[in-house]
Amino acid sequence: MRPKKIPMRMCAGCGEMKPKKELIRVVKAPAKEESENAAPEISIDLTGKKPGRGAYLCHDIECLKKARKARRFEKAFSCKIPDEVYDKMEGELAGADG
Ligand SMILES: [Zn+2]
């Protein structure tokens, strides 16, 4: 039997490589319309099935905060991310633990 290859992804917060299964996917939904004012739809994807471009994050609110501070998602998704989107993600991540 060949050893199973574990897909590894990098956390946008701490930059560590971890098995994909242990990370949370953050997705930018495909734009519905080309508009300068359209807010990007960025959300935590707990199911791993949302369509769109993804970035990965540890299951740790500190990593989300680091990624926020370093604007890693802005770079990964090439768009501006409003504070309320981060606040919502922080809330979801905090709530996802229990
Ligand atoms: Zn991390």
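Please refer to the structure higher up on the page.
Some details on the pattern of salt bridges
A side chain of one charge can pair with a side chain of the opposite charge when the charged atoms of the two come close. This structure, assessed with the given rule, holds 6 salt bridges. We note a salt bridge from Arg25 to Asp45, for which the minimum N-O separation is 2.8 Å. With a gap of 20 residues between them, Arg25 in strand S3 (residues 23-28) and Asp45 in strand S4 (residues 42-45) connect regions that are remote in the sequence. In this structure, Arg25 and Asp45 share a single accessibility class: buried. Linking Arg71 and Glu74 is a salt bridge whose minimum nitrogen-to-oxygen distance equals 2.9 Å.

Structural notes on the coordination of the zinc ion
Of the protein atoms, only Cys11 (SG), Cys14 (SG), Cys58 (SG) and Cys63 (SG) coordinate the zinc ion, at distances of 2.2 to 2.3 Å. Because the angles between the 4 donor atoms bound to the zinc ion fall within 102 to 113°, the donor set is best described as tetrahedral. In this structure Cys63 comes out as buried when scored by relative accessible area, which is 4%.

The rules we used
Residues numbered from 1 in each chain as written. Predicted model: local features only at pLDDT ≥ 70, side-chain atom pairs only at ≥ 80, totals over all residues. Heavy atoms only, no water. Salt bridge = Lys/Arg side-chain N within 4 Å of Asp/Glu carboxyl O. Helix = DSSP H or I, 4+ residues; strand = E, 2+ residues; numbered from the N terminus. Buried < 20%, exposed > 50% of the residue type's maximum accessible area, 1.4 Å probe, protein only. Donors = N, O, S within 2.8 Å, 3.2 Å for Na, K, Ca; no water. Tetrahedral: all angles 85-135°; square planar, octahedral: opposite > 155°, others 65-115°.

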